[in-house]
Amino acid sequence: MLITREQELHRWTIGGHDFEDVLSFLERCSAYPVHSEERRALVMASVILYARPFSQNERRSSKKSKAEDAPKAISRLRVEWFKDLTDDELRLHTRIIDLRNKVVAHAEFNEYPTSYDPRTGVTWSRRAQPLDLGLNLSHVAELTRKVWRYCQHRRADHIIEKRDARDREVAG
């Protein structure tokens, strides 16, 4: 996908920064035991940051005029724009987005089941842990590195196209 508007460039740039942070956090995971709070926090932050570029971001405020309220960036990146992702990578992408939506940013009952015994008043619950849900962190890092590179290439292609257009205009 060729970037055609400045708002697209901004979202690709913001997304690239999020993916850089994911890679940094995943690299730091190895310094902590598998079930440590530190590692859990890094994995949860990685899931949120990976999903953020693909989530709804820019919203208009009804209190401002249309001109001053125009979004400075497109709302989100779409996975369809990442043309070279394999089927396995697309499944992993979907899994990360689902974890973000059902476990990390929200708490769906199926992921956080509870029960109640009215006779005794005892409740039971299970807290979902991203570490227990089958995420292979090295695969997440590989996918993130791939989408991060794609962001970098889109931005570079845009800058080269703008430079070449300017050069043609000056020469022409």
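J.: In this structure, what is going on with the overall build of the protein? I would like to understand it.
T.: Helix and strand counts for the protein come out as four helices and two strands. Its C-alpha atoms give the protein a radius of gyration of 21 Å, more than 25% over the compact-globule value 16 Å for 172 residues. When its C-alpha atoms are laid out on the principal axes, the protein stretches across 85 × 45 × 30 Å. Each of the 172 residues in the protein was classed as buried or not, and the buried ones make up 36%. Partitioning the intrachain contacts of the protein with sequence separation of at least 6 by distance along the chain shows that 66% fall at a separation of at least 24. In the protein, 31 positive and 27 negative side-chain charges are present, and the distance between their average locations comes to 4 Å.

J.: Would you explain the nonpolar core in this entry?
T.: As a rule of thumb, soluble globular proteins bury nonpolar side chains together. Of all hydrophobic cores here, the largest spans 38 residues; its most connected members are Trp12, Tyr50, Phe54, Phe82 and Ile96. Elements with a minimum of two residues in this core: α1 (6–29), α2 (37–51), α3 (87–104) and α4 (137–171).

J.: Even after reading the chapter, I still don't get the packing of α3 against α4, so can you show me in this structure?
T.: Each pair of packed helices can be described by the angle between their axes along with the distance between the axes. It is the contact of α3 with α4, at a shortest axis distance of 10 Å, that shows an interaxial angle of 100°. Regarding the angle of α3 to α4, the classification is roughly perpendicular. Side by side, α3 and α4 meet where Glu89, Leu92, His93 and Ile96 of the first sit next to His139, Val140, Leu143 and Lys146 of the second. Broken down by class, the residue content of the contact of α3 with α4 amounts to four nonpolar, two polar and two charged.

J.: What is the right way to read the pattern of salt bridges from this model?
T.: Charged atoms that come close allow side chains of opposite charge to pair. This structure, assessed with the given rule, holds 10 salt bridges. Residue glutamate 8 pairs with arginine 5 through a salt bridge whose shortest N-O separation is 3.5 Å. Between glutamate 161 and arginine 168 there is a salt bridge whose closest N-O contact spans 3.3 Å. Look at glutamate 161 and you get partly exposed, because its relative accessible area is 36%.

J.: What's the story with the side chain of serine 55 in this structure? I'm lost.
T.: With respect to the helices, strands and loops of the structure, serine 55 is situated in the loop between α2 and α3. Reaching out from serine 55, the side chain makes a polar contact with the backbone oxygen of alanine 51 at a distance of 2.9 Å. Excluding its chain neighbours within four sequence positions, the residues that come into contact with serine 55 are Ser75, Arg76 and Arg100.

J.: Any chance you could explain the environment of valine 140 here in plain terms?
T.: Turning to its location among the elements, valine 140 is positioned in helix α4. We classify valine 140 as buried; its relative accessible area is 5%. When sequence neighbours within four positions are dropped, the list of residues in contact with valine 140 reads Leu26, Leu92, Ile96 and Leu135.

Reading the values: the criteria
- Residues numbered from 1 in each chain as written.
- Predicted model: local features only at pLDDT ≥ 70, side-chain atom pairs only at ≥ 80, totals over all residues.
- Heavy atoms only, no water.
- Helix = DSSP H or I, 4+ residues; strand = E, 2+ residues; numbered from the N terminus.
- Rg over C-alpha atoms; globule rule 2.2 N^0.38 Å.
- Buried < 20%, exposed > 50% of the residue type's maximum accessible area, 1.4 Å probe, protein only.
- Contact = heavy atoms within 4.5 Å.
- Lys, Arg positive; Asp, Glu negative; His and termini not counted.
- Charge placed at Lys NZ, Arg CZ, Asp CG, Glu CD.
- Core = buried A, V, L, I, M, F, W, Y, C linked by side-chain atoms within 4.5 Å.
- Axes fitted to C-alpha atoms, helices over the stretch in contact; angles between N-to-C directions.
- Parallel < 35°, antiparallel > 145°, perpendicular 65-115°, else oblique.
- Nonpolar A, V, L, I, M, F, W, Y, C, P; charged D, E, K, R; others polar.
- Salt bridge = Lys/Arg side-chain N within 4 Å of Asp/Glu carboxyl O.
- Polar contact = N/O pair within 3.5 Å; in protein donor to acceptor, adjacent residues only side chain to side chain.

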